[in-house]
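Examining the three-dimensional arrangement
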Amino acid sequence: RTSLRSVAESRGFDVGAAVDADLLRNDAGYWKLLRREFTTVTPENALKMGPLRPSPDTYDFGDADAVVNFGLEYDMTVRGHTLVWHNQTPEWFEEWAYTDDGIEGFLRDHIHTVAGRYRDKIDVWDVVNEAIADDGSMRETVWYDAMGEAYLDEAFGWADDVTDADLYYNDYGADGINEKSDAVYDLITGMLDRDVPIDGVGLQLHALHDEPDPGSVAENVYRFEDLGLDVQITEMDVAYPEGEVPEDHREQQAQYYRSIVEACLDTGCETLVTWGVRDGDSWVPGWFSGLTDDPLLFDGSTPKPAYHAIMDVLAEG
Ligand code: G3I
């Protein structure tokens, strides 16, 4: 049967998944699905600061290299996730005595080392992830506390020092037009006014019960494109809260995936990454109780209606 990859390639569209390095090494079925069905890979955790930095003066690139080299081997686009985030900072980070300029120097060295290592291998970086709080204010992270809002400008500049990859800002809950995406829009227009080297915006699109509305996502994509930026869907999954689960929720889920791909095709967004390969690999069940636990495209090795819906809309040409 044709694969999602072959249909996506025929449309010049990148469809991908977040990848777990252990599964890639140890699960042949997982490896085959990734190889056959997707055109882009994102290490789910391996390129985050915590997993990379077992101690203040050592890096462990083993898992990241495994995912990145798999992507290169099979001619896939590789997305780097993520250079600056408030979660998954290293275990030792909290008690590590640092001054504010200590943090600045630490972050500069981290970004130069990591983005520099993958200079010709990673095509797109989520340079900063989730800098805006849910109410639209600046999220008060260790980076913000130490460096103020300028930490974003600095981080993008340091990445630009060492790589030609496209440099993205990535966030959740800012997919459609809302208070948070307005704040992201303001943040980014400010960065552009200061000539910060930013190329794109990642919309994570962790969807709940067919929200955000695809039309609102399209409107949001258009306003970032009007700034000269590219937009990618970077972490999509579709779950339903208990008590609101539609009778045929897998069919409804398929329609929702389809509607987002249609919005992508309409707006010129050319990349859609799902946050995991198979339902059993998804982060959702471990992090949330009371949600359906099948948010992705595959049930084990079996493609679900959502997979076929994406395939159909990409094949429509
Ligand atoms: O690998 C270690 C293992 O060695 C250890 O024994 C175990 C228990 O401590 O932890 C394992 O690491 C876990 C890792 O997932 C790998 O399974 C971390 O504790 C756990 O925090 C981590 O969760 C990840 C989460 O980000 C961290 O915040 C999820 O897998 C990952 O799907 C999720 O992805 C995020 C994106 O990066 C940003 N957008 C939201 C998205 C969902 O939260």
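Per chain, residue numbering runs from 1 following the sequence as it is written. Given that the model is predicted, a residue must reach a pLDDT of at least 70 before its local features are reported, and side-chain atom pairs must reach 80 or more before they are shown or counted; all residues, however, enter totals for whole chains, interfaces and linings. Excluded from the side-chain calculation are hydrogens and water; included are all heavy atoms of the structure.

Brief notes about the site of the ligand
We call a residue near a molecule or strand whenever a single non-hydrogen atom of that residue lies within 4 Å of it. As a structural note, the neighbourhood of the ligand is formed by 14 residues, with Glu44, Lys48, His81, Glu235 and Trp275 the closest of them. Contacts described as polar in this section are N or O atom pairs within 3.5 Å, which, within protein, must combine one atom able to donate a hydrogen with one able to accept it, while residues neighboring in sequence count only if both atoms come from side chains. Take Glu130: an N or O atom from its side chain is 3.0 Å from a nitrogen atom of the ligand. Contact between the ligand and Glu235: a nitrogen atom at 2.7 Å from a side-chain N or O atom of the residue. Considering the ligand on its own, with 790 Å² of exposed area, one finds that the protein chains cover 53% of that surface. Per-class residue counts for the shell around the ligand are 4 nonpolar, 6 polar and 4 charged. Accessible surface area values rest on a Shrake-Rupley calculation with a 1.4 Å probe, where residue burial reflects the displayed protein chains alone. Three classes are used, and their members are as follows: Ala, Val, Leu, Ile, Met, Phe, Trp, Tyr, Cys and Pro are nonpolar, Asp, Glu, Lys and Arg are charged, and the others, Gly among them, are polar.

Comments concerning the pairing of strand 5 (residues 166-171)
Counted residue by residue, strand 5 has 5 buried out of 6 residues, so it is predominantly covered. Here strand 4 (residues 124-129) runs beside strand 5; their pairing, made up of 5 bridges, is parallel. Bridge assignment links Asp126 to a residue of strand 5, and that residue is Tyr168. DSSP calls a pair of strands paired once it identifies at least 2 bridges connecting them. Comment: elements are numbered from the N terminus, with helices defined as DSSP H or I runs of at least four residues and strands as E runs of at least two. The sheet contact formed by strand 5 and strand 6 (residues 200-203) spans 4 bridges and is parallel. Counted as the bridge partner of Asn170 is Gly202 from strand 6. With a 1.4 Å probe rolled over the protein chains alone, any residue whose accessible area is under 20% of its type maximum counts as buried; one over 50% counts as exposed, and the rest are partly exposed.

Looking at the pattern of salt bridges
In what follows, salt bridge is the name for a side-chain nitrogen of Lys or Arg lying within 4 Å of a carboxyl oxygen of Asp or Glu. Inspection of every chain in the model, using the stated rule, returns 19 salt bridges. For Arg5, the salt bridge identified is with Glu9, shortest N-O distance 2.8 Å. Taken together, the positions of Arg5 and Glu9, both in helix 1 (residues 4-10) and 4 residues apart, correspond to about one turn of that helix. The class for Arg5 is buried, based on a relative accessible area of 8%. Among the residues examined, Glu9 registers a relative accessible area of 42% and is labelled partly exposed. A salt bridge links Arg258 to Glu262, with the shortest nitrogen-to-oxygen separation between them at 3.1 Å. Taken together, the residues span about one helical turn, with Arg258 and Glu262 both in helix 11 (residues 249-267) at a distance of 4 residues. Accessibility expressed as a relative area gives 17% for Arg258, which makes it buried. In this structure Glu262 comes out as partly exposed when scored by relative accessible area, which is 30%. Salt bridges sharing common partners tie together Arg250, Asp279, Asp294, Asp299 and Lys304.

What to know about the pairing of strand 6
Where burial is concerned, the two faces of strand 6 agree: the one with Gly200 and Gly202 and the one with Val201 and Leu203 are both buried. Regarding topology, helix 9 (residues 179-193) serves as the crossover connection from strand 5 to the parallel strand 6, and that connection is right-handed. Throughout, right-handed denotes a crossover for which the path from the first strand over the helix to the second runs clockwise when the strands point away from the viewer.

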